[in-house]
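Breakdown of the fold
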Amino acid sequence: NAGVTQTPKFRVLKTGQSMTLLCAQDMNHEYMYWYRQDPGMGLRLIHYSVGEGTTAKGEVPDGYNVSRLKKQNFLLGLESAAPSQTSVYFCASSYLPGTSGNPYNEQFFGPGTRLTVL
Amino acid sequence: GQQVMQIPQYQHVQEGEDFTTYCNSSTTLSNIQWYKQRPGGHPVFLIQLVKSGEVKKQKRLTFQFGEAKKNSSLHITATQTTDVGTYFCAGTGNQFYFGTGTSLTVIP
């Protein structure tokens, strides 16, 4: 049981390049999230998904796209990377509140991807 | 803009001293969660509070949810070096927001 995994762990991009970050979870969670973490800003929600085939915008969605083609995977894409997207990206997943005997929707986080855009 | 603020941003304490971080929201929250992130690590869930005025304890940690469900606090009694890390609150308002975090350093 690996929990939440993220690939890659590190990446350096040049401005204008594109890339996809992959998140996978093996806990059969319905909800999945992408956050970015910047110093002094905490974690800010980029996009999230409440189930396979559905996605929604979070607090800071501009410049990012996501897809949830399979329940266990959530992809975050940067079509044209900018230096302002230099950050640590965390994926998380959670149960639907009230299901699976769990009254809470605690989020389980992956180890993060450190992205630098030059 | 940021809807959930935490103070202080940084706190240095001597081992054995107490520590408190405060979380304030501009809107009423349906629940509040607390997470801990060790240096270089990822956030790990600690607890969730749902009821107005709720107080929960985990060993040396005490969590409170305000009566108006707009603020919360985490208090650590007699800090240890293992308490080092950043503590985040996170609440559900019109969306789910993480607080700005409080970085705790414990000096042995």
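Look above for the structure.
The structure reproduced in this document is the subject of the present report. (Residues numbered from 1 in each chain as written. Chains lettered and ligands numbered in written order. Predicted model: local features only at pLDDT ≥ 70, side-chain atom pairs only at ≥ 80, totals over all residues. Heavy atoms only, no water.)

**So, the interface of chain A and chain B**
Across the contact, 19 residues belong to chain A and 20 residues belong to chain B. Interface area for chain A against chain B, summed over the two sides, is near 1,600 Å², with a carbon-plus-sulfur share of 52%. Taken together, the links from chain A to chain B amount to zero salt bridges. For the side of chain A that touches chain B, the secondary-structure elements that each account for two or more residues are strand S4 (31–38) and strand S5 (42–51) of chain A. Class assignment of the residues belonging to the side of chain A that touches chain B gives a composition of eight nonpolar, seven polar and four charged. (Contact = heavy atoms within 4.5 Å. Buried area = accessible area lost by both parts, 1.4 Å probe. Salt bridge = Lys/Arg side-chain N within 4 Å of Asp/Glu carboxyl O. Helix = DSSP H or I, 4+ residues; strand = E, 2+ residues; numbered from the N terminus. Nonpolar A, V, L, I, M, F, W, Y, C, P; charged D, E, K, R; others polar.)

**Here's the deal with the sheet that holds strand S7 (residues 61–65) of chain B**
All names here are of chain B. The five strands lie next to each other as S1-S3-S8-S7-S6, forming an open sheet whose pairing is antiparallel. Since the sheet does not close on itself, it has two edges, and those belong to strand S1 (4–7) and strand S6 (55–58), each with one partner. Recorded for the sheet is a direction-independent mean angle of 15° between the axes of neighbouring strands. (Pairing = 2+ DSSP bridges. Axes fitted to C-alpha atoms, helices over the stretch in contact; angles between N-to-C directions.)

**Re the sheet that holds strand S8 (residues 73–78) of chain A**
All names here are of chain A. Spatial ordering of the open sheet is given by S1-S3-S8-S7, a layout of four strands whose pairing is antiparallel. Sheet topology places strand S1 (4–7) and strand S7 (65–67) at the edges, where each strand pairs with a single neighbour. Taking each pair of neighbouring strands and ignoring which way they run, the sheet shows an average axis angle of 20°. As judged from the four bridges shared by S1 and strand S3 (residues 19–25), these two strands associate in the antiparallel manner. Residue Gln6 lies in a different strand from S3, and its bridge partner there is Cys23.

**Here's the deal with the state of the cysteines**
Cysteine pairs can be linked by a disulfide, which is a covalent bond between their two sulfur atoms. Enumeration over the complete set of coordinates arrives at two disulfides over all chains. One disulfide in the model links Cys23(A) with Cys91(A); its S-S distance is 1.8 Å. Handedness here is read from the sign of the S-S torsion; for Cys23(A) and Cys91(A), about -75°, the answer is left-handed. Of the two residues, Cys23(A) is situated in strand S3 and Cys91(A) in strand S9 (residues 87–94); the sequence distance between them amounts to 68 residues. Of the residues examined, Cys23(A) reaches a relative accessible area of 0% and is grouped as buried. The exposure class of Cys91(A) is buried, given its relative accessible area of 0%. A disulfide bridge connects Cys23(B) with Cys89(B), and the sulfur atoms are separated by 2.0 Å. When the S-S torsion is 75°, as for the bridge of Cys23(B) with Cys89(B), the disulfide is right-handed. (Disulfide = S-S within 2.5 Å. Buried < 20%, exposed > 50% of the residue type's maximum accessible area, 1.4 Å probe, protein only.)

**Considerations on the packing of aromatic side chains**
When we look at a pair of aromatic rings, we describe it by the centre distance and by the angle of the planes. Scanning all chains against the criterion turns up 14 aromatic pairs over all chains. Relative to Tyr89(A), the ring of Tyr64(A) has its centre 5.9 Å away and its plane inclined at 65°; by these criteria the two rings are edge-to-face. One end of the pair, Tyr64(A), is in the loop between strand S6 (54–57) and S7; the other, Tyr89(A), is in strand S9, with 25 residues separating them in the sequence. A residue is classified by how much of its surface remains accessible, and Tyr89(A), at 0% relative accessible area, is buried. Seen in terms of ring centroids, Trp34(B) and Phe63(B) are 6.4 Å apart; in terms of plane orientation they differ by 50°. Their pairing is tilted. Here the residue Trp34(B) occupies a position in strand S4 (residues 31–37), and Phe63(B) occupies one in strand S7, the gap between them amounting to 29 residues. You can call Trp34(B) buried: its relative accessible area is 0%. For Phe63(B), a relative accessible area of 0% gives the class buried. (Phe/Tyr/Trp six-rings, centres within 6.5 Å; stacked < 30°, edge-to-face > 60°.)

**What about the pattern of salt bridges?**
Proximity of charged atoms lets side chains of opposite charge pair with each other. Residues and elements named next belong to chain B. Scanning all chains against the criterion turns up five salt bridges over all chains. One salt bridge connects Glu54 with Lys56, and the closest N-O pair in it is separated by 3.7 Å. Assessed through its relative accessible area of 21%, Lys56 is described here as partly exposed. Ionic pairing is found between Arg60 and Asp83, a salt bridge with its closest N-O pair at 2.9 Å.

The values are spatial; any link to function lies outside them.
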